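Secondary and tertiary structure notes
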Amino acid sequence: MGPAVRDFRWKTQIQKYSSRAYTIGKAHPPISLACYLYNVQAVSVLQYVAQFTDPPEDINAIEQVALHRILHFATNSLTKSGYLNLHTLGGPMVRSVVATLRAAMFAASHRFLACWQAWLRQLRLTADEHNFCREIGQRTLSPGFWDTPPFVASLEAAYEGWPSEPIVSIAITRTSEALRTMASSTRRSPAVRAKLPVQRIAYKNIFSGLYQPDFINVLKRRLQSVLGSSPAENRMQTALHSLKSRKPHEVIQIMRTWYNSWATTHRFKEELRLPCLFGCLGKPDSLPHYASCPRIRYLMSLMLGVPTWWPGFGDLGTRDPNETALKNVSCMYYAYHVVRFSSSQYVYEMYTHIPGDSSESQQLFSTTLSVKSDDSARCFLGAYRASALMADLMVQSVSFPLPASLGDFPSHASCPVLPLPTGEEIPAPRPPQGGCPIMPFG
Ligand SMILES: [Zn+2]
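Worth saying up front: this structure is predicted, and the values here are computed from it rather than measured.

**Notes on the overall build of the protein chain**
Looking only at helices and strands, the protein chain features 19 helices and two strands. Sequence separation of 24 or more characterises 69% of the internal contacts of the protein chain that already satisfy a separation of 6 or more.

In structure tokens, the structure reads:
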């Protein structure tokens, strides 16, 4: 305690926490391992100080940055509640910093109850004797120019359940009730009673009070921005529910797709914004285009041995989220990013002469970016096959030349999918009117 110690108390720990989150994220380990390392090696460094000191005021912003570094979602793809509740959809478990710090202080207030209560009495007597009348009236225990209260005052607030914070206060009330029930059930065993999991129960209650999943509302907005319209709410709920059967890394890949978090040059607002990496003329390197890109749809249909209007392709796999459709989204995510991060091999500058100036010395050229679409398609198919093997997804053998050249797919072609069957009868495949060409498969 003392003047200007708020930042000083946390400076080293916050630096260590942020540095570890950055290092873990930069190493790009598998997502489950990244989250495990983050929980164990980054969040844990804050717990010791948090037992006696209130967290810094900007802890939410600091945690948000760390979560982005670990999970590699685009900015604001999910809310903080979304990142911390990924495990409810089958994704990795990420510990909440705020709930961890609060639970640590609550546990410390119980563990050291006898000590800090005696210190608090002594401090109150001293404050009543030496503080100004105004400070005594406000019941502060330290002079006004100190920017933090004494840590025994923080422990007292924790012990009382932070009455000024309604959500946390309710969570602490639930925790106290649970602990009382647990203590009475283990009354005959003092050893067990002495080891009540105070911090674990407090964390669970504070977490569930602060962070409720809000996936549906955010998904609605994201799909609206990508597809131009959002599917019905029950369909989105079905799609999110179906993720629980997938592996954690697949859940993350699918979530990054549905929540518009592909690392496209347009999404990340890069200085050099590329065109469609599969060669659609005039179309941008962005997920809203790839969601209905006729060329990427054609490549996937070749691999899966299904027509381009297969319902599993619809609305980025949310229209009919069966197992194959979800695996396809996961493989598409992986294959696109392999192409994206080797795009310098496929994208080149093309110079076009601007007619109307006959003077050779003053000839003008327009510069546009063009794509070697056959090369990027090869890369996409190879990466898709590798990802499909890992996901146990059956794929067809595709060799070049392809049954139809990518050039046969004009960029303006719409690529619809069949609606889902509504009755018992499953409609026979038929070509959509004015849509993508029908290709022989198998
Ligand atoms: Zn395209």
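Still more to cover.
**A few points about the environment of Ala263**
Looking at the element boundaries, Ala263 is found in the loop between helix 15 (248-258) and helix 16 (287-290). Between the C-alpha atoms of Ala263 and His72, which are 191 residues apart in sequence, the distance is 9.2 Å. Apart from residues lying up to four places away in sequence, Ala263 is in contact with Phe268, His337 and Arg340.

**As for unusual backbone geometry**
Unusually for a residue other than glycine, His72 sits at a positive phi of about 60°. Along the chain, His72 turns up in the loop between helix 4 (59-71) and helix 5 (80-84). Judged by the 16 C-beta atoms lying within 10 Å of it, His72 falls in the partly exposed class. Unlike most non-glycine residues, Asn260 shows phi in positive territory, near 55°. Tracing the backbone shows Asn260 in the loop between helix 15 and helix 16. Overall, the presence of 25 C-beta atoms within 10 Å leaves Asn260 in the buried class.

**Side note on helix 15**
Counting buried positions over the 11 residues of helix 15 gives 10, a clear majority of the element. Within helix 15 the residues assigned to the buried category are Pro248, Glu250, Val251, Ile252, Gln253, Ile254, Met255, Arg256, Thr257 and Trp258. Elements in contact with the buried residues of helix 15: helix 2 (31-42), helix 13 (215-227) and helix 18 (323-341). Positioned one or two residues after helix 15, Asn260 has a phi angle of 55°, which is positive.

The rules behind these values
Residues numbered from 1 in each chain as written. Predicted model: local features only at pLDDT ≥ 70, side-chain atom pairs only at ≥ 80, totals over all residues. Helix = DSSP H or I, 4+ residues; strand = E, 2+ residues; numbered from the N terminus. Contact = placed C-beta atoms within 7 Å. Buried ≥ 20, exposed ≤ 12 C-beta atoms within 10 Å, placed from the backbone.

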